[in-house]
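# Commentary on secondary and tertiary structure
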4 protein chains.
Amino acid sequence: MSRIPIAILGATGAVGQRMIQLLANHPWFEIAVLTGSDRTIGKPYGELVRWVLDGSPPPHIASMIVQPSDKVADVALALSALPTDAARSYEELWAAHTAVCSNASAYRMTPDVPLIIPEVNHEHLSLIDDQRKTRGWRGALVTNPNCSVIGVAMAIKPIESAFGIRQLHVSTLQAVSGAGYPGVASLDIIDNIIPNIANGTEEEKIETEPNKILGTYAAGRIDSAQIQISAQVTRVPVIDGHTALLSIKGVHAINADEARSAIREYVAPEIVKNLPSSPERAVILHDHAERPQPRRDRDAGNGMSTSVGRLRACPINDVRMVVLSHNTIRGAAGGAILNAELLVAAGYIRTH
Amino acid sequence: MSRIPIAILGATGAVGQRMIQLLANHPWFEIAVLTGSDRTIGKPYGELVRWVLDGSPPPHIASMIVQPSDKVADVALALSALPTDAARSYEELWAAHTAVCSNASAYRMTPDVPLIIPEVNHEHLSLIDDQRKTRGWRGALVTNPNCSVIGVAMAIKPIESAFGIRQLHVSTLQAVSGAGYPGVASLDIIDNIIPNIANGTEEEKIETEPNKILGTYAAGRIDSAQIQISAQVTRVPVIDGHTALLSIKGVHAINADEARSAIREYVAPEIVKNLPSSPERAVILHDHAERPQPRRDRDAGNGMSTSVGRLRACPINDVRMVVLSHNTIRGAAGGAILNAELLVAAGYIRTH
Amino acid sequence: MSRIPIAILGATGAVGQRMIQLLANHPWFEIAVLTGSDRTIGKPYGELVRWVLDGSPPPHIASMIVQPSDKVADVALALSALPTDAARSYEELWAAHTAVCSNASAYRMTPDVPLIIPEVNHEHLSLIDDQRKTRGWRGALVTNPNCSVIGVAMAIKPIESAFGIRQLHVSTLQAVSGAGYPGVASLDIIDNIIPNIANGTEEEKIETEPNKILGTYAAGRIDSAQIQISAQVTRVPVIDGHTALLSIKGVHAINADEARSAIREYVAPEIVKNLPSSPERAVILHDHAERPQPRRDRDAGNGMSTSVGRLRACPINDVRMVVLSHNTIRGAAGGAILNAELLVAAGYIRTH
Amino acid sequence: MSRIPIAILGATGAVGQRMIQLLANHPWFEIAVLTGSDRTIGKPYGELVRWVLDGSPPPHIASMIVQPSDKVADVALALSALPTDAARSYEELWAAHTAVCSNASAYRMTPDVPLIIPEVNHEHLSLIDDQRKTRGWRGALVTNPNCSVIGVAMAIKPIESAFGIRQLHVSTLQAVSGAGYPGVASLDIIDNIIPNIANGTEEEKIETEPNKILGTYAAGRIDSAQIQISAQVTRVPVIDGHTALLSIKGVHAINADEARSAIREYVAPEIVKNLPSSPERAVILHDHAERPQPRRDRDAGNGMSTSVGRLRACPINDVRMVVLSHNTIRGAAGGAILNAELLVAAGYIRTH
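Residues numbered from 1 in each chain as written. Chains lettered and ligands numbered in written order. Predicted model: local features only at pLDDT ≥ 70, side-chain atom pairs only at ≥ 80, totals over all residues.

Another aspect to go through is the overall build of chain A. Looking only at helices and strands, chain A has 13 helices and 14 strands in total. Relative to the 2.2 N^0.38 estimate, which gives 20 Å for 352 residues, the radius of gyration of chain A is 19 Å and therefore close to what a compact globule would have. Each principal axis of the C-alpha distribution contributes one length, and for chain A these read about 60 × 50 × 35 Å. Burial status across chain A gives 61% buried among its 352 residues. At a minimum sequence separation of 6, the contacts of chain A that also span at least 24 residues come to 73%. (Helix = DSSP H or I, 4+ residues; strand = E, 2+ residues; numbered from the N terminus. Rg over C-alpha atoms; globule rule 2.2 N^0.38 Å. Buried ≥ 20, exposed ≤ 12 C-beta atoms within 10 Å, placed from the backbone. Contact = placed C-beta atoms within 7 Å.)

What follows is the structure in structure tokens.
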């Protein structure tokens, strides 16, 4: 098929840049519109962007003129890397006409907005039908989870399916790229750890989003899962890749060997498997006792696989494990792109 | 009083170096003997040591000739920075004649060997009387805990006293200096995290030592505390200062405000307060939501204070908090020195 | 003598904070006034400052109310940590009444403003007499050099005295604290180097300031030294401590052994030796082939000594060497304080 | 053509690993033999290797049994990642039968051994004819330069061609991967710089190798170039990518604009252009004043391009510039592979 023209909302920030980088040779999508804040409108993208990734923006993107975020473009699909406030201002405008796949937190917990990880809960997309009915939208609004939640949810999904989960302790070691640019000052993080992120709101997201993601769609709504979650987060001197230490208590006692098997046998649903950005394995289980590590494992599956290691019994709960995923690829830009691909495969995008 | 001549066993490693640095101007102790491995015996300390701390060894130490560790010197006190195997070979030899304060793990869990944090369980020193009776020693063998345990035990002591503790989740972010020198390769830790230390044995120590430390001395033995502990450890790119994230369930429900008060009101016992290396406050409670941080707080109380922050309710257990302590000062060399000072104050050292 | 009340201009930034930290127990000076920008005026210092150093501001400073920088206070001495523009707006106002020791670059190259490193060119203070005569000031304006220049100038002074210097190549590896706070983004510097600082202006300072510092005072003006200087600067992932690699061609051929002797025999002038912040040795010469190193040597002489190592012949010029100094102590806050102490000793401060 | 079976000598170290990684999908070469030290012989590669790169070794390599380095295998081509001493012991053995492309320093300066950067001096390969004649070899021995030299030589080649070079100052900031594994201890390099590498021998290599590389082949020997070089090296907390600051004086005065043009117009010789590992551009010239940077530019041209920036006039010499290249790809494993490809293209490999 000819490629689908798409818009990137909030294209100048770190997540917007990553979307552009990941879409460089995308087989389905073609960047047609970039939007930015007042400061950037009307200027060529390449002149105003402070590119924080490796290399430089592709030349044909660098020459595109940045558009205002409040002017809905005639494209069938938009990826949103808008900051929370801007997302609240503009995403519904776009969603009335266009399918919006948003990385912003603004609408993640809104009841009729699906919070999607394709391998985990693609069936929640049915909420779009309700959105269209109730809100009169021709487009849609779909979100992906917080960058720490996404790996955790992928890693526990096979365990939740096999045993049910009652309690979940999460301790994270999060990369600086999660704070955007300029984000974390080097004076705050070289030879240092910051034991808090966004003044507790990061922990709040980790304690709520997984229950929506692992919930069940029925009759126009999501019945939340009922996992008790406690999250303690830290920022560490790592560029990319969030690490999480989990301790899990099952509804039924979780056996470590069976949990390992559950993860090994876990396969993405058919509709997800063939999406262009879908990794060969959604969750990779490591046997080596010192893995996963952010620098060595974050790029697994082109940054789209979640890695799990040290799955073993816990003296208090049932099992413990270490989870790693790439926070700006799977946890942000790549997550939104995979959602967009899923929308295409599921027939929610006008492709003509 | 004139200063007590002491020996430092295993003086060339990272912990031995830190002992030398901390004793530079000690009011009670004077370094009389340095021991080292075969490679180093008979040579001037300054020529063979690969000094890994800031600055250089003091000149009068640099010119001392290194002695064999198996030749017990005529000193009343020895600080041991020996590696585990060497500790197992030599510490009992020394303890027959001399009070040995050891940082090694070899004998920490041996029933008649006190595992001491002066502010927490100085009364366990009574085990020395049993050592002398049963083993016929004129000296003694006293140990300090693992570098991660020491801060955790200090931080939970006031809570344990006020509420009792039933369950304890510990996730650590440990500094590279904890692995000694050369220790962690830079290729393994720059822009990276290693989610394991010493192949699980570090976690084992965290899951056992606190119960001995918080136990009760009675009639020649320690009745262990009965806290269920689960530890998950990581190595992080930080030079000094171990961070631990704790989630605690009390025997009696722990109220966060009362726990904060318990920590604030916690004072060291009279016999400890006036020891030269005793910090003004054993445990410092932070109110700022982004503290404690290793680089900014590890040197509190000259590296001898433990810092606690983010003490708040836990959605699963009762309370959560962040604990930081300097792993090579309070958690190793300084801990051993404080134990030695305590032995003097408690009358266990021949000072003539 | 009773302590001299002083003002700190621009007290909330990183350099202002370091001044406060270094003055905590100063024998001569007592902080009486703190000034700040509009945002901060009228508020207690402790509430508004984002303290970037270790620990916290001293309690009696934390409770002081921040004053406007444009209201000259009745103190005999002011230390200025103002940013360049603010320095240009306010320092002359203060200098009319008060001796101002400024770390700002605004007036460093102004002909009648001394650019002072006490050990190197204290006699340039005579310019103050000219300032007072020409400008009608009762106070004075004295500056200290750029944070990279200060160590370089101290290190080459004994060589310049012994041989004269014709050409000087300088390559620097500068710490992130030199950029203030928030300064360098962690995304820009973890696992990275930035081969430029302040878009070339840092190099310009290194290429000009040393010639003023090493110049000769005569009849109301400084005759500049005539060293050709080429500087290439980089930012590196180091918290504190600027490293410089030097290659030097003498007016007379410089012999490496004699250069080493010149540095070893270099002593501060009598008037400087007894200043409270004066280090025992202004320049420390290392023999160890891997020193000086920023983390291990920056705190030498309480951060006031400059360290030199690897002084050896150069295949192109005469000699090469490595220079290290603490950029926010000797290179900024401590440099300004030492200048202030020199003003007292030289009789330029009203002390009654 | 069917792929050429090759051996990798010293396959377990960091450079050997990188060779394996880069050859994963090589169109011309197929790994047939891996050799290692006594400790490793007879074991499957995957079980004994401590893989220090991202990800893991490819499965078909992991199952190969490691062979002794002193047993010459029947392959037409060998890549050597042997340490210097082992190179001295074994490379000539292999070269008698097989074309050896070595990354070791052992024979780089041997008169009849070409020291090759294909884009710079491919014509030096003619020395192989002399090797074969004089030594009676059926194979050959070809070396690639030191990891710091390779980028510097590529960057100055167009300038040398256009103006001649008389003097060259080089200051380097070298990545930790250059020291192999375990290499640099994290305690030595986090928040730190080490101002020396290999006790001066690294500088020696930088001061000699470029003159051989830029020399002229004539009648069985290389007439060295006559550039005076002064090198000052440092180790910095960067994983991969060596940065070098250059100051250059030409035989004829070098104009910065013309030097820029010379670099921009520089193209690899025809025989090199189509080699599989040859980058699109050998040398990339940056205009942005803060580039090149190791993390952002080391992977340019799949790690095979050298990046140059800040090319500008020098107050002492003619021009200055910043050079960056990937030390373990272009500067080691990739350099050896490109040399091997060149040997094939130049007809020096038996391919039947």
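Okay, back to it.
Next up on the list: the sheet that holds strand 12 (residues 283–285) of chain B. Residue and element names in this part refer to chain B. The six strands lie next to each other as 10-7-11-14-13-12, forming an open sheet whose pairing is mixed. Every other strand in the sheet has two partners, leaving strand 10 (228–235) and strand 12 as the edge strands with one partner each. Each strand axis lies, on average, 20° off the axis of its neighbour in the sheet, ignoring direction. Sheet topology note: the strand 12/strand 13 (residues 306–313) ladder contains three bridges and is parallel. Looking at strand 13, one finds that I284 is bridged to S307. (Pairing = 2+ DSSP bridges. Axes fitted to C-alpha atoms, helices over the stretch in contact; angles between N-to-C directions.)

Under the fitted operation, chain B is carried onto chain A by 0.0 Å of movement along the axis and a turn of 180°, and the coordinates agree to an RMSD of 0.0 Å. Given the turn and translation reported, the copies of this chain are related as if by a two-fold rotation axis. Comparing interface residues between copies, 100% of those in chain B also lie at the interface in chain A; the contact surface is shared. (Least-squares fit on C-alpha atoms with pLDDT ≥ 70 in both.)

Turning to the sheet that holds strand 2 (residues 29–36) of chain C, a few remarks are in order. Residue and element names in this part refer to chain C. One open sheet holds the six strands; their spatial order is 3-2-1-4-5-6, and the pairing between them is parallel. Among the strands making up the open sheet, the edge pair consists of strand 3 (67–68) and strand 6 (140–143). Sheet topology note: the strand 5 (residues 99–102)/strand 6 ladder contains four bridges and is parallel. Looking at the pairing, A99 lines up with A140 of strand 6. On top of the sheet, helix 13 (residues 329–345) reaches strand 2, strand 4 (77–80), strand 5 and strand 6; it is set at about 150° to strand 5, its chief contact.

The next thing to look at is the interface of chain B and chain A. Each partner contributes residues to the interface: chain B has 36 residues there, and chain A has 36 residues. Where the side of chain B that touches chain A is concerned, the elements lending two or more residues are strand 7 (165–174), strand 10, strand 11 (242–250), helix 12 (294–297), strand 13 and strand 14 (319–325) of chain B. If one sorts the elements of the side of chain B that touches chain A by residue count, strand 10 of chain B sits on top with five residues. Classifying every residue of the side of chain B that touches chain A gives 16 nonpolar, 14 polar and six charged. (Nonpolar A, V, L, I, M, F, W, Y, C, P; charged D, E, K, R; others polar.)

Below, the discussion takes up the relation of the copies chain C and chain A. With an RMSD of 0.0 Å, chain C superimposes on chain A once it is rotated by 180° and translated 0.0 Å along the axis. An overlap of 100% is found between the interface residues of chain C and their copies at the interface of chain A, pointing to a shared contact surface.

A separate point is the domain arrangement of chain A. All names here are of chain A. Each domain of chain A was delimited in the assignment, giving domain 1 (4–146 + 333–345) and domain 2 (147–327). Measuring from the centre of the C-alpha atoms in domain 1 to the corresponding centre in domain 2 gives 24 Å. On the domain 2 side, the residues contacting the 33 residues of domain 1 number 31 residues. For the side of domain 1 that touches domain 2, the elements supplying multiple residues, two or more each, are helix 5 (118–121), helix 6 (127–135) and helix 13 (329–345). Ranked by residues supplied to the side of domain 1 that touches domain 2, first place goes to helix 13 with seven residues. Its residues placed into classes, the side of domain 1 that touches domain 2 shows 16 nonpolar, 11 polar and six charged. (Domains from an automatic or database assignment.)

This brings us to the pairing of strand 5 (residues 99–102) of chain B. Of the two faces of strand 5 of chain B, both are covered, the one formed by A99(B) and C101(B) as well as the one formed by V100(B) and S102(B). Traced from strand 4 (residues 77–80) of chain B through helix 4 (residues 84–95) of chain B to strand 5 of chain B, the parallel crossover comes out right-handed. (Right-handed = clockwise from strand over helix to strand, strands pointing away.)

Describing two packed helices takes the angle between their axes plus the distance from one axis to the other. Residue and element names in this part refer to chain B. The N-to-C vectors of helix 7 (residues 147–163) and helix 13 (residues 329–345) enclose an angle of 95°; their axes lie 8 Å apart at closest approach. Taken together, the axes of helix 7 and helix 13 lie roughly perpendicular to each other. Judged by residue contacts, C147, I150 and G151 of helix 7 engage R330, G331, A332 and G335 from helix 13. (Parallel < 35°, antiparallel > 145°, perpendicular 65-115°, else oblique.)

Looking now at helix 7 (residues 147–163) of chain A. Residue and element names in this part refer to chain A. If you check helix 7, its first and last C-alpha atoms are 25 Å apart, about what 17 residues at 1.5 Å a residue would give, namely 24 Å. The largest bend in helix 7 comes to about 40°, at I156, with the proline P158 one to four residues further on. The buried count for helix 7 comes to 15 of 17 residues, which makes it a mostly enclosed element. One or two steps after helix 7, the chain reaches G164, where phi turns positive at roughly 75°. (Expected span 1.5 Å × (residues − 1). Bend = angle between axes of the 7 residues up to and from the residue.)

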